[in-house]
Amino acid sequence: MRIGCPECETTVSATVPSGPGIHSESDSNPLLGTETRCRNCGHELELYYY
């Protein structure tokens, strides 16, 4: 996944693993997260996914 750093606007490539997804028949759809850093300015980026 490619996202823009909010501090310096550099494009950051981050790997987001496959999550379990959203299941309509389940009450439990956990929001998962991962962190990465911008290689240009060092800003920490948090990514959340299902």
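- The protein chain is annotated in an unreviewed UniProt entry as Small CPxCG-related zinc finger protein from Natrinema gari JCM 14663.

## Some words on the pairing of strand β3 (residues 32-37)
- Relative to strand β4 (residues 44-49), β3 runs antiparallel, the two being bridged by 6 bridges. Opposite Thr34, over in β4, you have Leu47 as the bridge partner.
- Counting the residues between successive antiparallel strands, the hairpin from β3 to β4 contains 6 residues, one of them, Gly42, with a positive phi of roughly 85°.

## What about the state of the cysteines?
- Evaluated as defined, the whole model comprises 0 disulfides.
- Free of any disulfide, Cys38 has its nearest neighbouring cysteine sulfur in Cys8, separated by 3.7 Å.
- Given the relative accessible area of 4%, Cys38 is considered buried.
- You can see Cys41 has no disulfide; the closest cysteine sulfur is in Cys5, sitting 3.8 Å from it.

Reading the values: the criteria
- Residues numbered from 1 in each chain as written.
- Predicted model: local features only at pLDDT ≥ 70, side-chain atom pairs only at ≥ 80, totals over all residues.
- Heavy atoms only, no water.
- Pairing = 2+ DSSP bridges.
- Helix = DSSP H or I, 4+ residues; strand = E, 2+ residues; numbered from the N terminus.
- Disulfide = S-S within 2.5 Å.
- Buried < 20%, exposed > 50% of the residue type's maximum accessible area, 1.4 Å probe, protein only.

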